[in-house]
Amino acid sequence: MKAPKAEELERICAYCEHATLLSGADVCVCKKNGVVRANGTCRRFRPDLLKVQPRLPLLPEESDDETFDVQIDP
């Protein structure tokens with residue numbers, strides 16, 4: 001699974017290294033601006049790739065042509 005590049009991230013406070021997301025709320029505590037909305041942004045945005053949840057890869061749909069019979073020898 002590929003990690004997203006910093007340029008591909010949404011520029012929101014929830015993904016910024018200056019902000020700490022508060023649990024149970026849609027707000028962050030920012031080192032630069034204080035309490036801010038999690039989906040807000042500012043010019044001091046610095047991406048923190050450890051805060052991003054990776055997307056799951058899409059699995060191809062199964063078709064009858066792609067079934068395999070596996071036999072195990074005892």
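Quick note: structure is the one above.
We now turn to the structure provided with this report. (Residues numbered from 1 in each chain as written. Predicted model: local features only at pLDDT ≥ 70, side-chain atom pairs only at ≥ 80, totals over all residues. Heavy atoms only, no water.)

1. Here we look at the overall build of the chain
Argument step 1. Looking only at helices and strands, the chain features 0 helices and 3 strands.
Argument step 2. The order of α-helices and β-strands along the chain, N terminus first, is β-β-β.
Argument step 3. Classification of the 74 residues of the chain by burial places 20% in the buried group.
Argument step 4. Residue pairs in contact within the chain that sit at least 24 positions apart in sequence constitute 57% of those at least 6 positions apart.
Argument step 5. In the form shown here, the chain has an accessible surface area of approximately 7,000 Å², with 51% of it arising from carbon and sulfur atoms. (Helix = DSSP H or I, 4+ residues; strand = E, 2+ residues; numbered from the N terminus. Buried < 20%, exposed > 50% of the residue type's maximum accessible area, 1.4 Å probe, protein only. Contact = heavy atoms within 4.5 Å. Areas by Shrake-Rupley, 256 points an atom, 1.4 Å probe, with all protein chains shown as cover.)

2. Section: a positive patch on the surface
Argument step 1. Where like charges cluster on the molecular surface, the positive patch consists of Lys31, Lys32, Arg43 and Arg44.
Argument step 2. Within the secondary structure layout, Lys31 lies in the loop between strand 2 (27–30) and strand 3 (34–37).
Argument step 3. On the basis of relative accessibility, which here comes to 69%, the residue Lys31 falls in the exposed class. (Patch = residues over 30% accessible without salt bridge, like charges linked within 9 Å, V, L, I, M, F, W, Y side chains within 5 Å. Salt bridge = Lys/Arg side-chain N within 4 Å of Asp/Glu carboxyl O. Lys, Arg positive; Asp, Glu negative; His and termini not counted. Charge placed at Lys NZ, Arg CZ, Asp CG, Glu CD.)

3. Let's talk about empty space enclosed by the protein
Argument step 1. In the structure shown here, the tally under the stated rule is 1 cavity of 30 Å³ or more.
Argument step 2. As a volume, the largest cavity reaches approximately 40 Å³.
Argument step 3. Surrounding the largest cavity, Cys13, Cys16, Cys30, Asn33, Cys42 and Phe45 form its lining.
Argument step 4. Here the lining of the largest cavity is built from residues that sort into 5 nonpolar, 1 polar and no charged. (1 Å grid on protein atoms, 1.4 Å probe; cavity = no way out; pocket = protein on both sides within 12 Å on 5 of 7 lines; lining within 4 Å. Points joined across faces, edges and corners; volume = space filled by probe spheres on them. Nonpolar A, V, L, I, M, F, W, Y, C, P; charged D, E, K, R; others polar.)

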